[in-house]
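Residue-level listing of the chains:
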Amino acid sequence: MPTIYDVALKSGFSATTVSKAFNDYSDISPKTKKEILKIAKEMGYLPNSHAQTILTKKSWTVGVLYLEFSGIGIKHPFFNAVIEGFKERIESKGYDLMFISKDIGKRKFSYLEHCQFRSIDGVIIVHSDYHNEDVQELLRSDIPCVLIDMESEHGSTICSDNYRGSVEAVDYLYSLGHRNIAHISGGDDTFSGPKRKDGFKQALKQYGLPIKAEWIVDGGYFTYDSGYQAMQTLMNLGERPTAVFVAGDYMALGAIQAIKDRGLQVPQDISVIGFDDIELARYTTPKLTTIRQNTNRLGGKAADILIEAIDRKETISMNMIPTELMVRESCQRIT
């Protein structure tokens, strides 16, 4: 396999100039760079990753630490879509992606040790357990971290505007004439659950509607089953709400099934609005009205901030992406 010195000999440029062309340095002309890269390609030259690391002080590899508690794992449609948006942007900047675990071969590592072993440049931490000591160890290290749906003084956070999105959900139900509105919330120990519940309560206050404790049911970790059980709880109350704002689409789908199992219809008997806009939402019966999180923007923004952090231009920040109401079939006007 040809070396950098072979490319230098063939092109007539020094090895230093050839190296700068490969690493996109600004102190060589575009014409020189183009010529060197053309010759390298003709020769079948591939840059050695170890040499690249020495020259640029980077491994050009970023890690993904993904911990999710619903049991769905990486197949979770929301977080999977965010990671895909992150992947597209980070790869366009020349980085490889690696999922971080505690296992390398037959050895057990902490997340930090894994990152150090692989010379990871930075990490995106997705929906993780804030109280996990291994996660905290990584956050306290000098490896740049960006967090999705999690807060820390040691890294920037990217999230949707959960509060505003929840207000928007209630605004829509109110515009349809609903005054008896219940909420199936995410767990209080999740990042987004309390924020969405706060937005729900504030919207009720703005409209002068009572906040009934029994009409706010904890749905835990946003699963189909938890949504089903929470809706059963609401259905067992003496007074039934006319509409339910559900803090996650999977829970909303479970809630809709619970309503159907009682012999009722959505939206004719009870309107349901979700939060996330997972792909399945547009294919269910009825199609789910929901608050859309822009997963591509979330992932892309996370990549941009992580690259800035890797280049040591970072400031710790909270970054919120606007949500959008997606009107479909699961909510109905009442008189």
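Residues numbered from 1 in each chain as written. Predicted model: local features only at pLDDT ≥ 70, side-chain atom pairs only at ≥ 80, totals over all residues. Heavy atoms only, no water.

Points about the overall build of the protein
Looking only at helices and strands, one finds 12 helices and 14 strands in the protein. The buried share of the protein, taken over its 335 residues, is 51%. When contacts within the protein are restricted to residue pairs at least 6 apart in sequence, long-range pairs at least 24 apart make up 70% of them. On the protein, roughly 16,300 Å² of surface is accessible, and the fraction owed to carbon and sulfur atoms is 49%. Within the protein, one finds 39 positive and 43 negative side-chain charges whose respective centroids are separated by 4 Å. (Helix = DSSP H or I, 4+ residues; strand = E, 2+ residues; numbered from the N terminus. Buried < 20%, exposed > 50% of the residue type's maximum accessible area, 1.4 Å probe, protein only. Contact = heavy atoms within 4.5 Å. Areas by Shrake-Rupley, 256 points an atom, 1.4 Å probe, with all protein chains shown as cover. Lys, Arg positive; Asp, Glu negative; His and termini not counted. Charge placed at Lys NZ, Arg CZ, Asp CG, Glu CD.)

Here's the deal with the packing of helix 2 (residues 15-22) against helix 3 (residues 30-43)
Relative orientation of the contacting elements helix 2 and helix 3 amounts to 90°, with a least axis distance of 9 Å. Of the possible angle classes, the one that applies to helix 2 and helix 3 is roughly perpendicular. When helix 2 is examined against helix 3, the residues Thr17, Val18, Ala21 and Phe22 are found in contact with a partner set consisting of Thr32, Lys33, Ile36, Leu37 and Ala40. Taken together, the residues of the contact of helix 2 with helix 3 break down into 6 nonpolar, 2 polar and 1 charged. (Axes fitted to C-alpha atoms, helices over the stretch in contact; angles between N-to-C directions. Parallel < 35°, antiparallel > 145°, perpendicular 65-115°, else oblique. Nonpolar A, V, L, I, M, F, W, Y, C, P; charged D, E, K, R; others polar.)

Let's talk about helix 1 (residues 4-11)
Because an α-helix completes one turn every 3.6 residues, residues spaced three or four positions apart along the sequence face the same direction. Residues Ile4, Val7, Ala8 and Ser11 constitute the buried set of helix 1. Viewed along the axis of helix 1, the buried residues span an arc of 100°, placing them on a single side of the element. Away from its buried face, by an angle of more than 90 degrees, helix 1 presents the exposed residues Tyr5, Leu9 and Lys10. As for helix 1, its buried residues are in contact with helix 2 and helix 3. Downstream of helix 1 by one or two residues, Gly12 has phi in the positive range, about 85°. (Arc of directions from axis to C-beta.)

Structural notes on the packing of aromatic side chains
Under the defined criterion, the tally for this structure stands at 7 aromatic pairs. Seen from their ring centres, Tyr66 and Phe79 are 6.1 Å apart, and the 55° between their planes marks the pair as tilted. Of the two residues, Tyr66 sits in strand 1 (residues 61-66) while Phe79 sits in helix 5 (residues 77-92), which places them 13 residues apart along the sequence. Note on Phe109 and Phe117: the rings are 5.5 Å apart at their centroids and 55° apart in plane angle, and the pair reads as tilted. For Phe109, a relative accessible area of 10% gives the class buried. If you follow Lys195 out to its NZ or CZ, it ends over the ring of Phe191, 4.1 Å from the centre. (Phe/Tyr/Trp six-rings, centres within 6.5 Å; stacked < 30°, edge-to-face > 60°. Lys NZ or Arg CZ within 6 Å of the ring centre and 35° of its normal.)

Some points on unusual backbone geometry
For the bond from Val266 to Pro267, the omega torsion is 10°, close enough to zero to count as cis. Within the element layout of this structure, Pro267 appears in the loop between helix 11 (249-261) and strand 11 (271-276). A cis amide bond links Thr285 to the next residue, Pro286, at an omega of 0°. Relative to the assigned elements, Pro286 resides in the loop between strand 11 and strand 12 (289-292). Positive phi, close to 140°, is recorded for Asp276, a residue that is not glycine.

A few points about the pairing of strand 5 (residues 122-126)
For strand 5, the buried fraction is high: 5 of the 5 residues fall into the buried class. The side-chain alternation of strand 5 yields two buried faces, one formed by Gly122, Ile124 and Val126 and the other by Val123 and Ile125. Across 5 bridges, strand 1 lies against strand 5 in parallel orientation. Bridge pairing in strand 5 links Gly63 to Val123. Where strand 5 meets strand 6 (residues 145-148), 4 bridges bridge the pair, whose relative direction is parallel. Considered in strand 6, the bridge of Ile124 is made with Val146. (Pairing = 2+ DSSP bridges.)

Concerning the pattern of salt bridges
Here the structure, examined in full by the defined rule, presents 15 salt bridges. Residue Lys20 is joined to Asp27 by a salt bridge in which the shortest nitrogen-to-oxygen separation is 2.8 Å. Classification of Lys20 by relative accessible area gives partly exposed; the value is 23%. Across the salt bridge formed by Lys197 and Asp188, the nearest N and O atoms sit 2.8 Å from each other. The buried category is assigned to Lys197, whose relative accessible area is 14%. Beyond isolated ion pairs, a larger network of salt bridges with shared partners links Asp277, Arg282, Arg292, Glu324 and Arg328. (Salt bridge = Lys/Arg side-chain N within 4 Å of Asp/Glu carboxyl O.)

Considerations on helix 5
Spanning 16 residues, helix 5 covers 23 Å between terminal C-alpha atoms, matching the ideal 22 Å at 1.5 Å per step. For helix 5, the set of buried residues is Phe78, Phe79, Val82, Ile83, Gly85, Phe86 and Ile90. Here the buried residues of helix 5 occupy an arc of 155° about the axis, which is enough to place them on one side. Each element contacted by the buried residues of helix 5 is listed here: strand 1, strand 2 (96-99), strand 5, strand 6 and helix 12 (295-310). The first or second residue beyond helix 5 is Gly94, which carries a positive phi of 95°. (Expected span 1.5 Å × (residues − 1).)

Shape is all these values report; function is a separate question.
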